[in-house]
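# Inside the fold
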Amino acid sequence: MIGFIHPPLSFDPMAAAIEWLDAYGAGDIEAILEMYAEDVVHCGCGGMKTITSGEGFRAYWVDRLQRYPASALDNIQQWPDGAFVAYVTCAVVVNANVVVNALLTFSTVGQIETLSCDAIQLGQLQA
């Protein structure tokens, strides 16, 4: 049996993932929105949700930037058709450091096709 062979990527998914995390950490919503092929996010942080509309997509990122600002890279690995990124956020809503595991898949030209994420709470922030 012959398996499906993905076309070669014409970009570096690890560099694209770092660029996404840099824009996220800087709070640059316009740069983040421009990185997506379509307005699709699958997020397990705070309950599973799938966002597919343009307005809903922008609202999702406004909320993420305010409540879960990205602060530091924890881990990054190559993944088929994308990259796995773990980053630390100071989650305002739970007053704790949280590591978010994000799997980004990309189109062959480097745009994010999907973002799937979930979070692991590490500990309370010091007052």
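Definitions and limits used
- Residues numbered from 1 in each chain as written.
- Predicted model: local features only at pLDDT ≥ 70, side-chain atom pairs only at ≥ 80, totals over all residues.
- Heavy atoms only, no water.
- Helix = DSSP H or I, 4+ residues; strand = E, 2+ residues; numbered from the N terminus.
- Expected span 1.5 Å × (residues − 1).
- Salt bridge = Lys/Arg side-chain N within 4 Å of Asp/Glu carboxyl O.
- Buried < 20%, exposed > 50% of the residue type's maximum accessible area, 1.4 Å probe, protein only.
- Pairing = 2+ DSSP bridges.
- Lys, Arg positive; Asp, Glu negative; His and termini not counted.
- Polar contact = N/O pair within 3.5 Å; in protein donor to acceptor, adjacent residues only side chain to side chain.
- Phe/Tyr/Trp six-rings, centres within 6.5 Å; stacked < 30°, edge-to-face > 60°.
- Core = buried A, V, L, I, M, F, W, Y, C linked by side-chain atoms within 4.5 Å.
- Arc of directions from axis to C-beta.

### Quick notes on helix 1 (residues 13–26)
The first and last C-alpha atoms of helix 1 sit 20 Å apart over 14 residues, in line with the 20 Å expected at 1.5 Å per residue. Count one or two residues on from helix 1 and you reach Gly27, which has phi positive near 75°.

### A few points about the pattern of salt bridges
Using the criterion set out here, one finds two salt bridges in the structure. One salt bridge in this structure joins Asp63 and Arg67, with 3.4 Å as the shortest N-O distance. In this pair, Asp63 and Arg67 both sit in helix 3 (residues 54–67), four residues apart, roughly one turn of the helix. Accessibility expressed as a relative area gives 30% for Asp63, which makes it partly exposed. Judged by relative accessible area, Arg67 falls into the partly exposed class, the value being 35%.

### Observations concerning the pairing of strand 3 (residues 70–79)
When strand 3 meets strand 4 (residues 82–91), the two strands line up antiparallel, connected through eight bridges. Within strand 4, the position partnered with Trp79 by the bridge is Gly82.

### Quick look at the side chain of Arg64
Relative to the helices and strands, Arg64 resides in helix 3. No salt bridge forms around the buried Arg64; measuring N to O, its nearest opposite-charge neighbour Asp63 is 6.2 Å away. Polar side-chain contacts of Arg64 include one of 3.5 Å to the side chain of Tyr24.

### Re the packing of aromatic side chains
The relative placement of two aromatic rings is captured by the distance of their centres and the angle of their planes. This structure, assessed with the given rule, holds nine aromatic pairs. Centroid distance Trp20 to Tyr24: 5.7 Å. Interplanar angle 55°. Geometry classified as tilted. Here Trp20 and its partner Tyr24 are both found in helix 1, four residues apart, which amounts to about one turn of the helix. Tyr24 matches Trp20 in its accessibility class, with the two residues each being buried. Their ring planes at 80° and their centres at 6.2 Å tell us that Trp20 and Trp61 sit as a pair that is edge-to-face. Here the residue Trp20 occupies a position in helix 1, and Trp61 occupies one in helix 3, the gap between them amounting to 41 residues. Using a relative accessible area of 1% as the deciding quantity, one classes Trp61 as buried. Through successive ring pairs, a cluster of aromatic residues spans Trp20, Tyr24, Tyr36, Phe57, Tyr60, Trp61 and Tyr87.

### Quick look at the nonpolar core
Trp20, Tyr24, Trp61 and Tyr87 are the most contacted members of the largest nonpolar core, which has 32 residues in total. For this core, the elements supplying multiple residues, two or more each, are helix 1, helix 2 (29–34), helix 3, strand 4, strand 5 (96–106) and strand 6 (112–124). Broken down by element, this core gets its largest block of residues, six residues, from helix 1.

### Remarks on helix 3
For helix 3, which comprises 14 residues, the first-to-last C-alpha distance of 20 Å matches the rise-based estimate of 20 Å (1.5 Å per residue) to within 8%. Within helix 3, the full set of buried residues consists of Phe57, Tyr60, Trp61, Arg64 and Leu65. Each buried residue of helix 3 sits inside an arc of 125° when the element is viewed along its axis, so together they form one side. Exposed residues on helix 3 whose side chains face more than 90 degrees from its buried face are Glu55 and Gln66.

Read these as spatial facts, not as claims about activity.
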